[in-house]
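If you want the building blocks of each chain, they are given just below.
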Amino acid sequence: MHSAVLLNDQLNFDAIIAAFYQHGWVWLPNFLQPQLNADLLHEAQFDAELTPAGIGRKNDHQLNKQIRRDATQWFNGRSAAQQAYLQLMAQLQQAFNRRCFLGLFDFECHFARYRQGDYYQKHIDAFSGRSNRVLTTVSYLNSVTAGGELALYNEHNVLIDKLLPTAGSLVLFESERFPHEVLPAIDTRYSIAGWFRKNTSINGIVDPAS
C-alpha cells in the first residue's frame with residue numbers, strides 16, 4: 001500500500017514528516033501546484049538539453065546503457081520554474097532539519113526523461129559511510145498510463161510498492177535504506193530526481209554537488 005499524504009494548496013510539513021517516519025518513505029500525490037508542474041514539464045520537454053545519463057560520480061562517472069537509459073539535465077537555477085522548485089525543496093529541507101535534526105546541507109537535482117524502453121536497474125542512491133546523500137526525492141511531471149513505474153524495495157530486497165508516475169506527485173525516501181529501480185517505460189515520462197545531502201566538508205572545504 002502507498003505510504004501517502006494527501007496535500008491541498010498548503011503543504012503540511014508536519015504531516016509529511018510524520019508519515020515519512022512511519023516507514024522511512026512517503027508518497028505525496030499533490031506535492032506540486034499545477035502551474036509550477038506545468039512550467040517544469042514544459043521546460044523539460046522543450047528547453048532542457050537532456051543528455052544520456054551515466055553512473056558514478058566525478059572521476060568514476062561513465063555511461064552504461066545496461067544499467068540505465070534515461071536522459072538528464074542538472075538544475076542550475078536559470079529559469080523561474082527551477083528557482084521556484086528549489087525554493088520549495090529548501091522549505092522541505094528546513095522542515096526536516098528543524099523537526100528531525102538531520103543536518104541536511106543542500107539539495108541537488110536534475111530533470112530525467114525516460115522514453116519507451118528506457119529503464120534504470122535496481123540500485124541504492126547512497127551506501128553507508130560512503131556518500132553524503134541522505135534523502136532521495138522524485139517529482140513526477142506527467143502522468144503515464146503504463147510502464148516506467150518506480151519499484152521500491154526494503155532492506156531485504158522485498159518489493160514494497162510500484163508507483164506509477166502521476167503528474168504533481170513526489171516520492172521521498174531514505175537514500176541509504178531503500179533499493180529501487182525504474183521499470184521499462186512505455187509512455188515517455190518526465191521527472192525531477194533530487195537528493196538532500198549532508199555537508200562532508202573537510203578542513204572547511206565543502207564537498208560540492210556534482
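See above for the structure.
Residues numbered from 1 in each chain as written. Predicted model: local features only at pLDDT ≥ 70, side-chain atom pairs only at ≥ 80, totals over all residues. Heavy atoms only, no water.

Draft legend 1. View of helix H1 (residues 13-23). The complete set of buried residues in H1 reads Phe13, Ile16, Ile17, Ala19 and Phe20. All buried residues of H1 fall inside an arc of 165° around its axis, so they share one side. Next to the buried residues of H1 lie strand E1 (25-28), helix H3 (80-100), strand E6 (133-140) and strand E9 (170-174). The N-cap residue of H1 is Asn12: its side-chain oxygen and the backbone nitrogen of Asp14 are 3.2 Å apart. (Buried < 20%, exposed > 50% of the residue type's maximum accessible area, 1.4 Å probe, protein only. Helix = DSSP H or I, 4+ residues; strand = E, 2+ residues; numbered from the N terminus. Arc of directions from axis to C-beta. Contact = heavy atoms within 4.5 Å. Polar contact = N/O pair within 3.5 Å; in protein donor to acceptor, adjacent residues only side chain to side chain.)

Draft legend 2. Just the packing of aromatic side chains, in detail. Following the criterion strictly, the structure yields eight aromatic pairs and no others. Taking the centre distance of 5.2 Å and the plane angle of 90° together, the rings of Phe20 and Tyr21 count as edge-to-face. Given the relative accessible area of 2%, Phe20 is considered buried. Take Tyr21: its relative accessible area is 47%, and that puts it in the partly exposed class. When the ring centre of Tyr153 is taken as reference, the NZ or CZ atom of Lys122 above it lies at 4.0 Å. (Phe/Tyr/Trp six-rings, centres within 6.5 Å; stacked < 30°, edge-to-face > 60°. Lys NZ or Arg CZ within 6 Å of the ring centre and 35° of its normal.)

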